[in-house]
Amino acid sequence: MAVLGKAFKGVALPDKAVLASFYEKRILGTTGDMARMREMVEGFADDLLEALRSVCNRDADMEVEDCMGVGSMYENWRVRKPFVCDLIVPFAPPEPYCFRCQTWCSGDSFPPDEQGYGTIKVCRADEDVTGCICDKTKLGEDMLCLLHSQVSSTRPSSEMEDLLCFKNTQYLDADQVMKWFQIAVTKAWNRISHKYEFDLSFSLLDSPGALKIKFKSGKSIAFNLTPVVQYENSDVYFISHFPRSSLAADIPSSTHWFLTFAVYERRFIQLVSKTLPANACHVSCLQILSFLHGKQCSLTGPSGLTNYHLKTVLLHLLQARPSQDWAPEKLEARLQDMLKFLEKCLHEKKLYHFFIGNGKVPAELGFPIIFQRAEPLNLFRPFVLRRDIYRKMVDTFHEMLKNMSALINEYTVHIPLAHTNGIRKEPL
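An unreviewed UniProt entry annotates the chain as Inositol 1,4,5-trisphosphate receptor-interacting protein originating from Chloebia gouldiae. Under the heading Function (unreviewed entry), UniProt records this for the chain: "Enhances Ca(2+)-mediated inhibition of inositol 1,4,5-triphosphate receptor (ITPR) Ca(2+) release." For the record of the chain, the UniProt heading Sequence similarities (unreviewed entry) holds the text "Belongs to the ITPRIP family."

**Q** Explain the side chain of T119 residue by residue, including any values.
**A** Within the secondary structure, T119 sits in strand β7 (residues 117-124). Of the residues examined, T119 reaches a relative accessible area of 10% and is grouped as buried.

**Q** Mind laying out the packing of aromatic side chains, listing which residues take part and the relevant values?
**A** Aromatic rings in a pair are described by how distant their centres are and how their planes are angled relative to each other. According to the stated counting rule, one finds 26 aromatic pairs in the structure shown. Both rings, one in F354 and one in F355, keep their centres 5.0 Å apart while their planes meet at 80°; by these two values the pair is edge-to-face. We classify F354 as buried; its relative accessible area is 2%. Its relative accessible area of 0% is what places F355 among the buried residues. Above the plane of the ring of Y264 lies R267, whose end atom (NZ or CZ) is 5.3 Å from the centre. Positioned above the aromatic ring of Y390 is the side chain of K349, whose terminal nitrogen or guanidinium carbon lies 4.5 Å from the ring centre.

**Q** Describe the nonpolar core, with residues and values.
**A** L48, L172, F223 and L225 are the most contacted members of the largest nonpolar core, which totals 113 residues. Not counting residues up to four positions away in its chain, the partners in contact with F223 are V41, F44, V84, C85, L87, L200, G209, A210, L211 and I213. Counting nine residues, the second largest nonpolar core, distinct from the first, contains V70, I88, I239 and V263.

**Q** Could you give me a rundown of the confidence of the model for the chain, with the residues and numbers involved?
**A** Confidence along the chain averages 82 in pLDDT terms, with 80% of residues attaining 70 or more. Note on residues 129-158: pLDDT is under 50 here. Beyond four places in sequence and across chains, it has 39 contacts. Low pLDDT (under 50) marks residues 415-428, which in the prediction has nine contacts with non-local residues, meaning those over four places away or in another chain.

**Q** Help me get a handle on the packing of helix α5 (residues 262-273) against helix α7 (residues 307-320), residues and values and all.
**A** The geometry of a pair of packed helices is captured by two quantities: the angle between their axes and the separation between those axes. Running from N to C, α5 and α7 point in directions that differ by 40°, and their axes come no closer than 11 Å. When the axes of α5 and α7 are compared, the pair comes out oblique. The chirality of how α5 crosses α7 is left-handed. Here α5 contributes E265, F268, I269 and V272 to the contact with α7, which in turn contributes Y308, K311, L315, L318 and Q319. Taken together, the residues of the contact of α5 with α7 sort by class into six nonpolar, one polar and two charged.

**Q** If you had to explain the pattern of salt bridges to someone new, which residues and values would you point to?
**A** Side chains carrying opposite charge are able to pair once their charged atoms draw close together. Counted by the stated rule, this structure contains 13 salt bridges. Here K311 and E75 are joined by a salt bridge, their closest N and O atoms 3.0 Å apart. Of this pair, K311 sits in helix α7 while E75 is found in the loop between β4 (68-70) and β5 (84-92), placing the two residues 236 residues apart along the sequence. This pair shows no difference in class: K311 is buried, exactly as E75 is. The closest approach of N and O atoms between K402 and E399, which form a salt bridge, is 3.2 Å. Here the residue K402 and the residue E399 both occupy positions in helix α11 (residues 387-410), the gap between them amounting to three residues, near one helical turn. We classify E399 as partly exposed; its relative accessible area is 28%.

Procedures and definitions
- Residues numbered from 1 in each chain as written.
- Predicted model: local features only at pLDDT ≥ 70, side-chain atom pairs only at ≥ 80, totals over all residues.
- Heavy atoms only, no water.
- UniProt positions renumbered as here; feature names shortened; annotations may be inferred.
- Helix = DSSP H or I, 4+ residues; strand = E, 2+ residues; numbered from the N terminus.
- Buried < 20%, exposed > 50% of the residue type's maximum accessible area, 1.4 Å probe, protein only.
- Phe/Tyr/Trp six-rings, centres within 6.5 Å; stacked < 30°, edge-to-face > 60°.
- Lys NZ or Arg CZ within 6 Å of the ring centre and 35° of its normal.
- Core = buried A, V, L, I, M, F, W, Y, C linked by side-chain atoms within 4.5 Å.
- Contact = heavy atoms within 4.5 Å.
- pLDDT = per-residue confidence, 0-100.
- Axes fitted to C-alpha atoms, helices over the stretch in contact; angles between N-to-C directions.
- Parallel < 35°, antiparallel > 145°, perpendicular 65-115°, else oblique.
- Left-handed = near helix turned anticlockwise from the far one by under 90°.
- Nonpolar A, V, L, I, M, F, W, Y, C, P; charged D, E, K, R; others polar.
- Salt bridge = Lys/Arg side-chain N within 4 Å of Asp/Glu carboxyl O.

Listed below in structure tokens is the structure:
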């Protein structure tokens, strides 16, 4: 039995055999379900987006690109049901407009609570970054600048609405994008719904891309289709919103967009996995920890700790430890490492974003240098000011540690040691 750090003296982890049995019985069987669901959701999302393009005005509407899968379902570590696929959908403005992006690390000073965010300016392709073309050109009396025209009650500007900017500014408004996307998806579904023997609905009012497929049998599938804006020519994206289990703090304003590095996170895990021993235990560690934390939250209520925090811990350890340390027989030791690392981060109220400020990101990922050179971003910063949430998070972690053995044993088939050889274990 292994005892964790000083703060939780006396807390013990189950041994290797129990952990292995728990993983095999409770977690391993979900992989096939995930693969089937991904295939079904991706095929439907492609069809829906194709219909969306067909109902849009190609000269005035935003241009929607192909979707990409990110997060736990695509990194093969999601364990809690219901399974939910997260798909991001890049979009761009119609010609002759373009997006000009600015991040908190671009040079201009952003307040501490805006670190991790950026703004997106809608410009004409021939416009100077510092000003609008209407300042430099004499427009005829019957012509208006689309970006700076006043929306009057007698002459509403549909062009202005199509550009989805915040009122009387050039900055892309996440709220406007949310409304546009919901309307566009609804129109698209109306066009293709006759082809399918199920219903489609929005499942969360505050998340425009949270969709639910409901079959006649009563079964349902949930997935998130979230509009994003590409940062320059990279795979970093400005994300319009997060589903309810947000990993962002309170957003400063609707013109501030949170940056997501999800594509690089998935790519990093794939890259590292190629160097690890066969059947390496890195994904197993994250799955077990995610399962236990989810179970604890179902008992004592949600905490500020999220699966994204748990994944960030794993990413740091994957970079810090040599590949041979992730051999399958080292599952118990690596799980201890993750818990000790997390305990330390909670104690110090510091868990740094894996990519931002990390000069050791592998060059083959093609990660933008501006983010590598930025100041490290503390994901636990919001909890420094919100003590009630921090206390709940620490208490939940403590309770999870105390309950680990009981939670794991609940899902483990126990067989007398004298009769283990040659006996087929019953499935749960």
